[in-house]
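Each chain, written out:
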Amino acid sequence: MEAVFGLLLLLLGVSHGVETYCDGRQDGAQCYGALGGTVALQLMDNASEIFRYQLIKNGTTILNGGKNRNVLNVIADRSSFTPSDGTFRINDLSRTDGGEYTLIIFDSKGRRSEQRTLQLTIQAPVSSVLLVSECLSQGEMRVSCSSEGGDSPQYSWTLDGHTLTDTQLLPGNNETNIITLKQDVSGQLACSVKNHVSSVSETKTISTCGFIFIDCISNGTRISQWVLEANNTLCYPTTASPTTEGKGTVTTVSIKPSTNLTSSNQTASHTDGPWYLKHLPVIAGVLFALVILLVVGVAVVFVHQKKQKNKPKEEDDEQELTYADVRIVQRQGRKIQQTAEVDVEYGQVKFSGRPRQTVKQTEEACVYAMVRKG
């Protein structure tokens, strides 16, 4: 409704409330006025002390006055002149008010003492701005900025309060009314439209078109392009990294050449970081268990060695008995029988510890040394 009302005002040539100012005291000044508005032209500092002056437009005198003279204003119904500050104000400007204005100043002898010109241009002000965005086939976003009315509009773009840069735009001029943003650009996009008599802006929140950038090797073929994430069947996204701060996310897909792709429409799992971060709890648990097992093993070995040191040495099950200096003495007064009984004396019996040997014997063996019969 507001746009329709603004357009109606432009068609009627009315733009109330828009007032511009121009310093016409310099020769060749360029002045602008809003269609349907007001322009204040400062022609001189103080006209009360000037003997005589004239303001001529296209050969017609529209203002004539001077010291001790009445001011003649041809367009007095929609204009006014203030001699004290030399300002000529024109209201309800129309296209015909534009053109070249010449100010001629005369001295007391009627001679031209000064002559200046100014150029007045009438422009229709911008009433409203409309932003329209659309996604392109490769994920770029085309945004158009259209304005209602406005002569000689100039366009400027900002994203989150900052002027768009070449890293955010596809090659082109960002001072036109249509721009193309790259795939990862998002945020508060503002389009400002202005001319010499007005300035209007419009802001719109934009987001990415749902495209991701894939860079992988599939079936021996390198794939590197932007694809719609919802329809991606070429690669399996594995990592995601932001490329522009606060400007959206670009997903970079990386697949090792050894990966076997069994189905192009197989769903892949996304990881938000390195694999070891994801499995950190499992790794920590395994390391903790290994430490416990190591401590227990060391303790068992230590206790076993301590028991071995404190355990008394067991006597060898088998020791070699050494007999030395064995004498046989026949007792007197006994009859010697056919089978004589003799007494055996043992002396210097020694037990020597030897390493245990397993000797298979059929009968017990005795070793006698230095046996003498007495």
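Residues numbered from 1 in each chain as written. Predicted model: local features only at pLDDT ≥ 70, side-chain atom pairs only at ≥ 80, totals over all residues. Heavy atoms only, no water.

Peer 1: Let's hear about the confidence of the model for the protein chain: which residues, and what values?
Peer 2: Across the protein chain, the average pLDDT comes to 74, with 62% of residues at 70 or higher. Every residue in residues 332–345 is under pLDDT 50, and counting partners more than four places away or in other chains gives 14 contacts. Note on residues 355–369: pLDDT is under 50 here. Beyond four places in sequence and across chains, it has 10 contacts. (pLDDT = per-residue confidence, 0-100. Contact = heavy atoms within 4.5 Å.)

Peer 1: Tell me about unusual backbone geometry, and please be specific about residues and values.
Peer 2: The residue Asn58 is not glycine, and still its phi comes out positive at about 50 degrees. Tracing the sequence through the fold places Asn58 in the loop between strand S4 (52–57) and strand S5 (60–65). Overall, the relative accessible area of 57% leaves Asn58 in the exposed class. (Helix = DSSP H or I, 4+ residues; strand = E, 2+ residues; numbered from the N terminus. Buried < 20%, exposed > 50% of the residue type's maximum accessible area, 1.4 Å probe, protein only.)

Peer 1: Describe the pattern of salt bridges, with residues and values.
Peer 2: Counted by the stated rule, this structure contains eight salt bridges. Arg111 serves as the salt-bridge partner of Asp107, at 3.4 Å between the closest nitrogen and oxygen. Given a relative accessible area of 49%, Arg111 falls into the partly exposed group. Of the charged contacts in the structure, one is a salt bridge between Glu134 and Arg142, with a shortest N-O distance of 3.6 Å. Judged by relative accessible area, Glu134 falls into the partly exposed class, the value being 42%. Each member of the salt-bridge network shares a partner with another, and the members are Asp23, Arg25 and Asp45. (Salt bridge = Lys/Arg side-chain N within 4 Å of Asp/Glu carboxyl O.)

Peer 1: Run through the state of the cysteines, naming residues and quoting values.
Peer 2: Enumeration over the complete set of coordinates arrives at three disulfides. Covalently, Cys22 is tied to Cys31 through a disulfide, its sulfur atoms 1.8 Å apart. Handedness of the Cys22-Cys31 disulfide follows from its S-S torsion of about -60 degrees: it is left-handed. Just as Cys22 is buried, Cys31 falls in that class too. Note that Cys145 is cross-linked by a disulfide to Cys191, the S-S spacing being 2.0 Å. Taking the sign of the S-S torsion, -90 degrees for the link of Cys145 and Cys191, the bridge is left-handed. Highlighted residues: Cys145 in strand S12 (residues 141–149) and Cys191 in strand S16 (residues 187–194), separated in sequence by 46 residues. Cys191 shares its class with Cys145; the two are buried. (Disulfide = S-S within 2.5 Å.)

Peer 1: Go over empty space enclosed by the protein, please, and point to the residues and values.
Peer 2: Empty space among the atoms becomes visible once a probe the size of a water molecule is rolled across them. What the rule picks out here adds up to one cavity of 30 Å³ or more. If you add up the space inside the largest cavity, you get close to 40 Å³. Taken together, Gly24, Leu43, Leu55, Tyr101, Leu103, Arg116, Thr117 and Leu118 make up the lining of the largest cavity. Those elements giving two or more residues to the lining of the largest cavity turn out to be strand S9 (99–106) and strand S10 (112–123). The greatest single-element share of the lining of the largest cavity, amounting to three residues, is contributed by S10. By residue class, the composition of the lining of the largest cavity is five nonpolar, two polar and one charged. (1 Å grid on protein atoms, 1.4 Å probe; cavity = no way out; pocket = protein on both sides within 12 Å on 5 of 7 lines; lining within 4 Å. Points joined across faces, edges and corners; volume = space filled by probe spheres on them. Nonpolar A, V, L, I, M, F, W, Y, C, P; charged D, E, K, R; others polar.)

Peer 1: Help me get a handle on the sheet that holds strand S17 (residues 199–206), residues and values and all.
Peer 2: Within the open sheet, the four strands sit side by side as S14-S13-S16-S17. Their pairing is antiparallel. In this open sheet, the two strands that pair with only one neighbour each are strand S14 (162–163) and S17. As paired strands, S16 and S17 are joined by eight bridges and run antiparallel to one another. By the bridge assignment, Val193 is partnered in S17 with Val200. (Pairing = 2+ DSSP bridges.)

Peer 1: Just give me the short version of the pairing of S4, but keep the residues and values in it.
Peer 2: Of all six residues in S4, six are buried, a share of seventy percent or more. Alignment of S4 against S9, held across six bridges, turns out to be antiparallel. Bridge pairing links Gln54 to Ile104 in S9. Sheet analysis places S4 next to S5, joined by five bridges and oriented antiparallel. Counterpart to Lys57 in the pairing with S5 is Thr60. In textbook terms, the turn of a hairpin is the stretch between consecutive antiparallel strands, and for S4 and S5 this stretch comprises two residues, one of which, Asn58, has a positive phi near 50 degrees.

Peer 1: Quick one: what's the story with the side chain of Lys57, residue by residue and with numbers?
Peer 2: For Lys57, the position within the fold is in strand S4. It turns out Lys57 is buried and unbridged, and the closest side chain with the opposite charge, Asp97, is 6.1 Å from it. Within the local environment of Lys57, its side chain forms a polar contact with the backbone oxygen of Thr96, the two atoms lying 3.1 Å apart. With residues near it in sequence (within four places) discarded, Lys57 still touches Ile62, Thr96, Asp97, Gly98, Glu100 and Tyr101. (Lys, Arg positive; Asp, Glu negative; His and termini not counted. Polar contact = N/O pair within 3.5 Å; in protein donor to acceptor, adjacent residues only side chain to side chain.)

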